[in-house]
Amino acid sequence: MTDAVVVESENKTAWKVVGDTGACPLCGSHQVKKLLEAPDRFHLRKETYRLARCASCSGVWLVDPPKPEEMGPHYDEEYHNAIVAAGEGSAELRWRDQRNLIARYKQGGQLLDLGCSSGGFLSTMRRPAWKLYGIEMEAGTAEKAQAATGAEVFVGDVLQAPFAPASFDVITCFDVLEHVYNPPQFLAKVKEWLKPGGIYHVMLPNIASWEAKLFGTYWFGLELPRHLFHFSPQSLRRVMSDLGFEEVHLSTPRVSYLERSLDYVAGSAAGKLGMEQTPQSRPKPRGFAWKAARKCVRMGVFTPIAQIASWAGAGPSIEAVFRKR
Ligand SMILES: [Zn+2]
């Protein structure tokens with residue numbers, strides 16, 4: 001047996017070696033198993049991707065992900081439009097829970113939002129008590145964020161940003177960590193930039209949620225191949241404690257991928273019946289009957305399950321705060 005762990009897919013084609021050494025990229029364990037194989041359902045593309053799971057820390061990652069220079073087509077204009085559409089509506093309302101959570105621990109100072117997009121969250125933190133910063137990959141989006149929030153926004157990769165050590169009281173990271181190639185390296189940078197006692201507030205999908213288990217390869221939170229890592233409360237705690245962070249809050253709220261996941265299931269069923277499928281990357285307006293049916297399912301079946309799952313720590317999202325000692 002070599003160091004390399006080779007996992008096999010259902011069709012018995014040997015998978016490529018996981019990571020550089022075959023070890024879990026989060027904790028280094030060699031207890032690596034196949035989790036699932038699925039295509040990019042958002043774009044309705046055919047190519048499939050494979051996720052591996054570490055039995056030791058429960059970390060899940062994309063095996064053999066596209067290289068950074070190959071990612072362009074996966075983050076196309078349709079994807080960006082969908083992100084913008086999801087962020088429409090009242091930013092104050094959308095980010096209320098995050099603001100309240102931060103206010104429990106910090107009431108002002110230097111705040112950095114990683115992957116700040118067009119500044120939706122930062123715009124709601126615009127108060128004299130806060131000096132705001134952001135990091136955003138895309139230049140046009142960064143410009144919008146700067147104009148909307150007054151924040152200083154660095155354009156480029158997080159690891160390239162020139163902030164000095166111990167600069168920030170709060171670093172926020174909403175739906176970003178799962179897109180990162182090397183989370184431990186990324187989080188070490190977060191730790192370096194935080195002041196002692198500073199907090200890191202992270203939000204991301206929960207691969208150990210009831211939704212992820214129920215929908216399997218149809219779970220919208222998979223976002224293949226854009227999500228490179230899939231955390232559970234257990235694996236997030238493990239990687240953060242390995243870096244020396246202290247956990248001060250972790251919950252699994254009901255922020256849900258349910259309707260989009262249901263759309264994947266319905267779309268796939270329609271496809272099998274020979275009907276035309278519409279990718280979510282090019283959504284069509286839905287009729288009244290469809291919306292009413294979806295609402296009945298949601299209210300009657302999923303809402304009660306979702307509440308119980310969230311209480312049990314198996315809600316679809318993870319919302320956590322860690323403190324630098
Ligand atoms: Zn692991």
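Provided above is the structure to which this section pertains.
## Considering the environment of serine 232
Here comes step 1: By secondary structure assignment, the location of serine 232 is in the loop between strand 9 (229-230) and helix 8 (233-242).
Here comes step 2: According to the relative accessible area criterion, serine 232 is buried, its value standing at 2%.
Here comes step 3: The spacing of serine 232 and proline 316 is 84 residues in sequence and 9.7 Å in space, taken between C-alpha atoms.
Here comes step 4: For serine 232, the residues in contact, after removing those within four places along its chain, are Ser58, Asn206, Ile207, Ala208 and Ile318.
Here comes step 5: Side chain to side chain, serine 232 and serine 58 meet in a polar contact 2.6 Å long.

## What to know about the nonpolar core
Here comes step 1: Leu114, Leu177, Phe186, Trp193, Tyr200 and Leu236 are the most contacted members of the largest nonpolar core, which has 64 residues in total.
Here comes step 2: Residues lining this core come from more than one domain, with at least three contributed by each of domain 1 (82-210 + 230-256 + 317-324) and domain 2 (258-310).
Here comes step 3: Setting aside anything within four residues of it in sequence, one finds leucine 236 in contact with Leu177, Val202, Leu204, Phe231, Ile318, Ala320 and Phe322.
Here comes step 4: Within the second largest apolar cluster, 19 residues are counted, among which are Ile102, Leu132, Val170 and Met203.

## So, the coordination of the zinc ion
Here comes step 1: Every protein donor of the zinc ion is listed here as Cys24 (SG), Cys27 (SG), Cys54 (SG) and Cys57 (SG), and their distances to the metal cover 2.3 to 2.4 Å.
Here comes step 2: What the 4 donor atoms of the zinc ion show is an angle range of 104 to 114 degrees at the metal, which sorts the shape as tetrahedral.
Here comes step 3: Sequence spacing among the residues donating to the zinc ion works out to C-x2-C-x26-C-x2-C. Placement of cysteine 27 in the segment before strand 1 (32-39) and of cysteine 54 in strand 2 (residues 48-54) is noted, with a sequence separation of 27 residues between them.

Cut-offs applied
- Residues numbered from 1 in each chain as written.
- Predicted model: local features only at pLDDT ≥ 70, side-chain atom pairs only at ≥ 80, totals over all residues.
- Heavy atoms only, no water.
- Helix = DSSP H or I, 4+ residues; strand = E, 2+ residues; numbered from the N terminus.
- Buried < 20%, exposed > 50% of the residue type's maximum accessible area, 1.4 Å probe, protein only.
- Contact = heavy atoms within 4.5 Å.
- Polar contact = N/O pair within 3.5 Å; in protein donor to acceptor, adjacent residues only side chain to side chain.
- Core = buried A, V, L, I, M, F, W, Y, C linked by side-chain atoms within 4.5 Å.
- Domains from an automatic or database assignment.
- Donors = N, O, S within 2.8 Å, 3.2 Å for Na, K, Ca; no water.
- Tetrahedral: all angles 85-135°; square planar, octahedral: opposite > 155°, others 65-115°.

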